[in-house]
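One letter stands for each residue in the lines below.
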Amino acid sequence: MEILRYAAFSDDPAGGNPAGVVLDASSLSDAEMQAIAAEVGYSETAFLTGDRGAGVHRVRYFSPLAEVPFCGHATVGAAVALADRHGPGPLVFVTTVGEVPVRVDDRRRATLTSVGARVAELDPAGLSALLAALRWDAAELDPALPPRVAYAGAYHPVVAAATRQRLADLDYDVPALKALMEARGWTTVQLVWRAAADSFEVRNPFPVGGVYEDPATGAAAAALGGYLRAEGLVADDAVVHVTQGGARITVTLTPGQDGVRVSGTAVPIPR
């Protein structure tokens with residue numbers, strides 16, 4: 001069994017968000033996949049557990065601590081790994097939350113289309129507990145971007161900082177945030193700062209996965225796109241650019257389509 005490593009949302013193997021990829025995990029048990037993900041140590045590892053023919057693959061995702069329903073950057077990494085072996089083109093990943101079409105071009109750029117996005121209110125008690133765990137104050141939030149819980153394959157509270165400095169100072173209470181996220185079923189927390197009308201800088205605490213911060217999260221980026229559309233903060237056909245450190249993610253909204261397209265490159269990480 002070969003464990004591949006790809007850096008997603010970057011052209012630099014030292015940048016982006018690293019993901020483990022196992023292209024043939026059909027013989028592995030849940031416990032074995034969990035152990036491999038823990039050993040790899042990245043925020044997620046993708047396991048292709050069954051080839052259903054015609055570019056259709058069953059995929060599961062594990063963080064170092066637990067299985068997650070959907071992961072964007074590991075999807076991009078796995079799709080590019082397949083393209084490196086079989087050539088670019090369309091794929092379908094059958095995930096726990098539904099089918100996710102992915103297309104890879106000849107420049108190692110993958111575009112996934114998430115399952116349908118939706119947005120819900122973040123109740124006052126939940127918001128208060130979240131801000132306390134983040135060590136943020138309500139006065140530090142951007143009033144133009146109301147806190148919500150967004151979904152595009154996994155649940156992510158979306159909280160917008162009023163300043164870039166507030167976003168940069170990530171120093172949260174790990175046990176408190178982990179307990180809150182586990183109780184609420186949140187995968188990561190999507191912290192954002194709006195740099196321009198179509199540009200966001202983000203951070204993604206991920207204590208439930210055993211990672212302080214996920215370097216760049218495609219699933220959260222898709223959820224953010226759905227949130228922006230639902231709140232009327234961008235046009236229905238907007239293209240939104242999401243950055244996190246050196247990672248670059250493109251989010252595309254299509255009128256009449258519930259899913260959100262997320263695009264980025266991936267490159268192998270040398271061993």
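Since we're looking at a predicted model, the values are computed, not measured.

Trainee: Break down the overall build of the protein for me, with residues and values.
Mentor: Looking only at helices and strands, the protein features 6 helices and 18 strands. Over its C-alpha atoms the protein spans a radius of gyration of 17 Å, differing by no more than 12% from the 18 Å that the globule rule assigns to 271 residues. With the C-alpha coordinates aligned to their principal axes, the bounding extent of the protein is approximately 50 × 40 × 30 Å. Counting all 271 residues of the protein, 56% fall into the buried class. On the protein, roughly 10800 Å² of surface is accessible, and the fraction owed to carbon and sulfur atoms is 51%. In the protein, 22 side chains carry a positive charge and 31 a negative one; their mean positions are 2 Å apart.

Trainee: Go over the pairing of strand E2 (residues 17–22) with me, naming the residues and quoting the values.
Mentor: Within E2, 5 of the 6 residues are buried, which leaves it mostly tucked inside the rest of the structure. Pairing analysis gives 5 bridges linking strand E1 (residues 4–8) to E2, with the strands arranged antiparallel. Paired with Leu-4 across the two strands is Val-21, which belongs to E2. Strand direction decides the pairing type here: E2 and strand E3 (residues 45–51), joined by 3 bridges, are parallel. Note on E3: the bridge partner recorded for Gly-20 is Thr-45.

Trainee: Before we move on, can you summarise the packing of helix H3 (residues 124–134) against helix H5 (residues 174–184) with the specific residues and values?
Mentor: In the contact formed by H3 and H5, the axes pass within 8 Å of each other and the chain directions differ by 150°. The orientation of H3 with respect to H5, classified from their angle, is roughly antiparallel. In terms of crossing hand, the pair formed by H3 and H5 is left-handed. Facing Ala-125, Gly-126, Ala-129, Leu-130, Ala-133 and Leu-134 of H3, the residues of H5 in contact are Ala-176, Leu-177, Leu-180 and Arg-184.

Trainee: So what's going on with the environment of Val-174? Residues and values would help.
Mentor: Tracing the backbone shows Val-174 in helix H5. C-alpha separation for the pair Val-174 and Leu-134, spaced 40 residues apart in sequence, amounts to 8.6 Å. Non-local contacts of Val-174, meaning those with residues more than four positions away in its chain, are made with Pro-207 and Tyr-212.

Trainee: So what's going on with helix H1 (residues 30–40)? Residues and values would help.
Mentor: For H1, the full list of buried residues reads Met-33, Gln-34, Ile-36, Ala-37 and Val-40. The buried side chains of H1 occupy one side of the element, clustering within an arc of 160° when seen end-on. Exposed and facing more than 90 degrees away from the buried side of H1 are Ala-31 and Glu-39. Those residues of H1 that are buried lie in contact with E1, E2, E3, strand E4 (56–62) and strand E5 (67–68).

Trainee: Could you give an account of empty space enclosed by the protein, naming the residues involved and the relevant values?
Mentor: This structure, assessed with the given rule, holds 1 cavity of 30 Å³ or more. In this structure, the largest cavity encloses a volume near 40 Å³. Lining the largest cavity, in full, are Glu-44, Phe-70, Cys-71, Gly-72, Thr-187, Thr-188, Phe-206, Asp-214, Thr-217 and Ala-219. Looking at the lining of the largest cavity, its residues break down into 4 nonpolar, 4 polar and 2 charged.

Trainee: Give me the lowdown on the pattern of salt bridges, citing residues and values where you can.
Mentor: Overall, the coordinates contain 11 salt bridges when judged by the stated rule. Here Asp-105 and Arg-107 are joined by a salt bridge, their closest N and O atoms 3.2 Å apart. For Arg-107, a relative accessible area of 60% gives the class exposed. For the salt bridge of Arg-164 with Glu-201, the shortest nitrogen-to-oxygen distance reads 3.0 Å. With Arg-164 in helix H4 (residues 164–168) and Glu-201 in strand E13 (residues 199–203), the pair connects residues that are 37 residues apart, well separated along the chain. Taken together, the shared-partner salt bridges connect Asp-30, Arg-60 and Glu-67 into one network.

Trainee: Give a description of the pairing of strand E6 (residues 89–95) that names residues and reports values.
Mentor: Within E6, 5 of the 7 residues are buried, which leaves the element mostly enclosed by the surrounding structure. Pairing of E4 with E6, which is carried by 3 bridges, proceeds in the parallel orientation. In the sheet register, His-57 faces E6, and the bridge partner there is Phe-93. Here 7 bridges tie E6 to strand E7 (residues 98–104), and the two strands are oriented antiparallel to one another. What sits directly across from Gly-89, in E7, is Val-104. In this structure, the hairpin formed by E6 and E7 is closed by a connection of 2 residues.

Criteria and cut-off values
Residues numbered from 1 in each chain as written. Predicted model: local features only at pLDDT ≥ 70, side-chain atom pairs only at ≥ 80, totals over all residues. Heavy atoms only, no water. Helix = DSSP H or I, 4+ residues; strand = E, 2+ residues; numbered from the N terminus. Rg over C-alpha atoms; globule rule 2.2 N^0.38 Å. Buried < 20%, exposed > 50% of the residue type's maximum accessible area, 1.4 Å probe, protein only. Areas by Shrake-Rupley, 256 points an atom, 1.4 Å probe, with all protein chains shown as cover. Lys, Arg positive; Asp, Glu negative; His and termini not counted. Charge placed at Lys NZ, Arg CZ, Asp CG, Glu CD. Pairing = 2+ DSSP bridges. Axes fitted to C-alpha atoms, helices over the stretch in contact; angles between N-to-C directions. Parallel < 35°, antiparallel > 145°, perpendicular 65-115°, else oblique. Left-handed = near helix turned anticlockwise from the far one by under 90°. Contact = heavy atoms within 4.5 Å. Arc of directions from axis to C-beta. 1 Å grid on protein atoms, 1.4 Å probe; cavity = no way out; pocket = protein on both sides within 12 Å on 5 of 7 lines; lining within 4 Å. Points joined across faces, edges and corners; volume = space filled by probe spheres on them. Nonpolar A, V, L, I, M, F, W, Y, C, P; charged D, E, K, R; others polar. Salt bridge = Lys/Arg side-chain N within 4 Å of Asp/Glu carboxyl O.

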